[in-house]
Amino acid sequence: MSTTCWSCQPRRPVKHMLEWIRQLGRGGFEFFEKLGRGNLFLLKTLVGMPAVLARPHLLIVQLLSVGVLSFLIIAVSGLFVGMVLALQGYNTLVDFGAEESLGVVVSLSIVRELGPVVTALLFAGRAGSALTAEIGLMKATEQLSGMEMMAVDPIHRVIAPRFLAGFLAMPLLAAIFSAVGIYGGFFVGVGLLGVDDGAFWSQMQDKVDLYEDVLNGVIKSLVFGFVCAWIAVFEGYDATPTSEGVSRATTRTVVHSALAVLGLDFVLTALMFGDN
Amino acid sequence: MADAKTKSDVLVSIRGLCFARGERMIFDGVDMDIPRGKVTTIMGPSGTGKTTLLRLIGGQLQPHAGSVQVDGLEVPRLGRSELYELRQRMGMLFQSGALLTDLNVFENVAFPLREHTDLPESMIRDLVLMKLQAVGLRGARALMPSELSGGMARRVALARAIALDPMMIMYDEPFTGQDPISMGALVQLIRLLNDALGLTSVIVSHDVKEAAAISDYVYLISEGKVMGHGTPEQLRGTDSEWVKQFMQGLPDGPVPFHYPAPPYVDDLLELPAAAPGEAHA
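From a predicted model like this one, the values you see are computed outputs, not experimental measurements.

Caption draft 1: Broad picture of the overall build of chain A. Within chain A, the regular secondary structure consists of 10 helices and zero strands. Relative to the 2.2 N^0.38 estimate, which gives 19 Å for 276 residues, the radius of gyration of chain A is 24 Å and therefore markedly larger than a compact globule would have. Along the longest, intermediate and shortest principal axes, the C-alpha atoms of chain A span 85 × 70 × 35 Å. A total of 276 residues make up chain A; the buried ones form 42% of that total. A sequence separation of at least 24 residues applies to 87% of the contacts in chain A between residues at least 6 apart.

Caption draft 2: Region of interest: the overall build of chain B. Regarding its fold elements, chain B presents 10 helices and 10 strands. By the burial criterion, 37% of the 281 residues in chain B qualify as buried.

Caption draft 3: View of the environment of A:Ala232. Within the secondary structure, A:Ala232 sits in helix 9 (residues 210-238). Distance from A:Ala232 to A:Ser202, taken between C-alpha atoms, is 41 Å for residues 30 residues apart in sequence.

Caption draft 4: A look at the confidence of the model for chain B. Residues and elements named next belong to chain B. For chain B, mean pLDDT is 85; residues scoring 70 or higher make up 93% of the total. Of the regions scoring below 50 in pLDDT, residues 1-5 engages in seven contacts with residues more than four places distant in sequence or in other chains. Counting contacts from residues 273-281, a segment whose pLDDT is below 50, to residues more than four positions away or on other chains yields four contacts. Complex prediction metrics read pTM 0.83 and ipTM 0.80.

Caption draft 5: Molecular detail of the interface of chain A and chain B. At the interface, 10 residues of chain A touch 14 residues of chain B. Looking at the side of chain A that touches chain B, its residues break down into four nonpolar, four polar and two charged.

Caption draft 6: Broad picture of the pairing of strand 10 (residues 225-230) of chain B. All names here are of chain B. Bridge count for strand 9 (residues 217-222) against strand 10 is five bridges, and the pairing is antiparallel. Paired with Leu 220 across the strands is Gly 228, a residue of strand 10. Between strand 9 and strand 10, which pair antiparallel in sequence order, lie two residues; one of them, Glu 223, sits at a positive phi of approximately 50°.

Caption draft 7: Here's a closer look at the sheet that holds strand 7 (residues 168-172) of chain B. All names here are of chain B. Sheet architecture is open: six strands sit in the order 6-7-8-3-9-10, paired in mixed fashion. Two strands in the sheet have a free side with no partner beyond their single neighbour: strand 6 (90-93) and strand 10. Between one strand axis and the next, the sheet turns by 15° as a mean value, whatever way the strands run. Bridge count between strand 3 (residues 39-43) and strand 8 (residues 200-205): five bridges; the pairing is parallel. Among the inter-strand pairings, Thr 41 is bridged to a residue of strand 8, identified as Ile 203. Helix 5 (residues 150-161) contacts strand 6 and strand 7 of the sheet and is inclined by roughly 170° relative to strand 6.

Caption draft 8: Spotlight on the sheet that holds strand 1 (residues 10-21) of chain B. Residues and elements named next belong to chain B. In space, the four strands of this open sheet follow the order 2-1-4-5, with antiparallel pairing throughout. Across the chains shown, the open sheet's two edge strands, defined by having one partner strand only, are strand 2 (24-35) and strand 5 (73-74). Here strand 1 pairs with strand 4 (residues 65-70) via five bridges, running antiparallel. Directly across from Val 12, in strand 4, lies its bridge partner Val 70. Running over the sheet, helix 1 (residues 50-57) touches strand 1, strand 2 and strand 4 and is turned about 120° from strand 1.

Caption draft 9: Structural context of the nonpolar core. Counting 133 residues, the largest nonpolar core has A:Cys228, A:Val233 and B:Met170 as the members making the most contacts within it. Beyond its immediate chain neighbours, meaning those up to four positions away, B:Met170 contacts B:Leu54, B:Ile57, B:Gly58, B:Met90, B:Met92, B:Leu93 and B:Val202.

Caption draft 10: Highlighting the environment of B:Leu269. The topology assignment puts B:Leu269 in helix 10 (residues 264-269). Sequence separation between B:Leu269 and B:Asp9 is 260 residues, and the spatial gap between their C-alpha atoms is 61 Å.

Caption draft 11: Structural view of the packing of helix 9 of chain A against helix 10 (residues 243-273) of chain A. Residues and elements named next belong to chain A. It is the contact of helix 9 with helix 10, at a shortest axis distance of 9 Å, that shows an interaxial angle of 155°. Here helix 9 lies roughly antiparallel to helix 10, going by the angle between them. Considering how the two elements wind past one another, helix 9 and helix 10 form a crossing that is right-handed. Between helix 9 and helix 10, the residues in contact are Asn 216, Lys 220, Val 223, Phe 224, Val 227, Cys 228, Ile 231, Ala 232, Glu 235 and Gly 236 and Ala 249, Arg 252, Thr 253, His 256, Ser 257, Ala 260, Val 261, Leu 264, Asp 265, Leu 268 and Met 272, respectively. In the contact of helix 9 with helix 10, the residues fall into 12 nonpolar, five polar and four charged.

Caption draft 12: Quick peek at the environment of A:Thr240. All names here are of chain A. With respect to the helices, strands and loops of the structure, Thr 240 is situated in the loop between helix 9 and helix 10. Of the residues examined, Thr 240 has 14 C-beta atoms within 10 Å and is grouped as partly exposed. Distance from Thr 240 to Arg 252, taken between C-alpha atoms, is 12 Å for residues 12 residues apart in sequence.

Caption draft 13: Structural context of helix 4 (residues 71-93) of chain A. All names here are of chain A. Taking 1.5 Å per residue as the helical rise, helix 4 with its 23 residues ought to reach 33 Å, and the 32 Å between its terminal C-alpha atoms agrees with that figure. Buried residues of helix 4: Ile 74, Gly 78, Val 81, Gly 82, Met 83, Leu 85, Ala 86, Gly 89 and Tyr 90, and no others. Buried residues along helix 4 sit in contact with helix 5 (102-140) and helix 7 (154-192).

Caption draft 14: View of unusual backbone geometry. The phi torsion at A:Ala151 lies on the positive side, around 65°, for a residue other than glycine. Structurally, A:Ala151 is set in the loop between helix 6 (143-149) and helix 7. Overall, the presence of 19 C-beta atoms within 10 Å leaves A:Ala151 in the partly exposed class. Even without a glycine there, the phi angle at B:Ala98 is positive, about 55°. Locating B:Ala98 in the fold gives a position in the loop between strand 6 and helix 3 (105-116).

Caption draft 15: Geometry of the packing of helix 4 of chain A against helix 5 of chain A. Residues and elements named next belong to chain A. Packing of helix 4 against helix 5 leaves a shortest axis separation of 9 Å and a crossing angle of 145°. For the pair helix 4 and helix 5, the crossing hand works out as right-handed. Along its contact with helix 4, which presents Ile 73, Ile 74, Ser 77, Val 81, Gly 82, Leu 85, Ala 86, Gly 89, Tyr 90 and Leu 93, the element helix 5 presents Leu 102, Val 105, Val 106, Ser 109, Ile 110, Leu 114, Val 118, Thr 119, Leu 122 and Arg 126.

Caption draft 16: Layout of the pairing of strand 2 of chain B. All names here are of chain B. Where strand 1 lies against strand 2, nine bridges are found, and the strand directions are antiparallel. Across the sheet, Ile 14 pairs through a bridge with Met 32, a residue of strand 2. Linkage of strand 1 to strand 2, two consecutive antiparallel strands, is achieved through a turn of two residues, within which Gly 22 is found at a positive phi near 60°.

What counts and what doesn't
Residues numbered from 1 in each chain as written. Chains lettered and ligands numbered in written order. Predicted model: local features only at pLDDT ≥ 70, side-chain atom pairs only at ≥ 80, totals over all residues. Helix = DSSP H or I, 4+ residues; strand = E, 2+ residues; numbered from the N terminus. Rg over C-alpha atoms; globule rule 2.2 N^0.38 Å. Buried ≥ 20, exposed ≤ 12 C-beta atoms within 10 Å, placed from the backbone. Contact = placed C-beta atoms within 7 Å. pLDDT = per-residue confidence, 0-100. Nonpolar A, V, L, I, M, F, W, Y, C, P; charged D, E, K, R; others polar. Pairing = 2+ DSSP bridges. Axes fitted to C-alpha atoms, helices over the stretch in contact; angles between N-to-C directions. Core = buried A, V, L, I, M, F, W, Y, C linked by C-beta atoms within 7 Å. Parallel < 35°, antiparallel > 145°, perpendicular 65-115°, else oblique. Left-handed = near helix turned anticlockwise from the far one by under 90°. Expected span 1.5 Å × (residues − 1).

Written out as structure tokens, the structure is:
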């Protein structure tokens, strides 16, 4: 033992640790670099908003593809979520003889939480991924470069209308989700489980507050719309212009949007309802 | 290089251009003059940064050193609005055509007119039909880009590039992947449009025969440097071994056929176990 020369031994663990720290640092730099790029991109997009408002047909086309074409999946999901909530809620409430509060339970859950959150998650999967793929492929096929060389700013012409459409479509879709969800709950609670029709609606009217509940839900969906649309257009614009790069960017859009929505939902809920 | 030329004869003047991607030097002190009203071709092996050069001229990339002047304007120093003004006087034909896939042929050609002019619809229609007639695709105006062949897409892109009557057009590998008929049509179109519209054309290509056939002047670039320049005839009669190898498409010469490797015999005599990936076999 005493003859072992430690300084001559290959210091593999040290080397590995240094490499690990180096990678961590590189990852950190890349993260902040991308965050910076994303913020600059957002700034440029917001600067391009007047150009979109001056040509509303660009926005209308995008509202159709981002909003109207997402309608069906949002409505169907809302219906099922409302129906499941009514079933679950009824089973719990009936033990306390409070099944007439079913309308309140369903509507508050949907308007405050599930409406904005599930809509945002579905939106990221359906419209966000489509936006990223479309913009990424436009980049890969040199359409964005082509526009730049025709002296047309792709951020004004392509990005800004898509971003604004996503931002505007989200609260509308969330409202549809909530309305359909409440009807789903009504259908199961009143239609199938026999809850009193009048009690279902009147308790809901009494307990759901326009500002406290509905408006806070709308604020949530506006924030989610902003974030999801930003992530989707940025990932598309920032994608490596190859088929693999676009596919990765599309995945990132869905994953990052979902994480951002769930994280922000906690923060917003804490801010809105934390002191109750 | 082009010292004899007066300033007004030269539309694009590049001096001491340096550009690197990461560690790799793409251009290392390139000097180039692109004469006004002529067809100039920039040739070189694949991966020598020919397309990068077009992007530097168009201001899509910033050089690390040197000067790129177009019509007397220093492109890297232009502000955004000045750069966009200059780009309205430049057309660029991308290798893929870069047509907007959600618009049909007519709308693609009308795109720059709608973006940059307030012309009435009837005039836009006339202009678009004139440009499409020039490239022989007036009858294809209702087709979508996905319904076009590669050659047709490039001709539509050409019609779009001349929509605003630019002073110059840059062609990025216009002949790559074309069948002989499309190739012939493009070769003829580039020359005819250049002469009829008084354009300046810059072609980036490695198709020596086609490019040399319509070029007034040729620059050969490789490894970040200009290896030779002159009219196609001058280059054919050159003494430079590299230029000869490139112009005649010889497989071996200053650019070796073999990638650098240890001597063949030494490599073959190595034990199989020493070869990577074979140790476990």
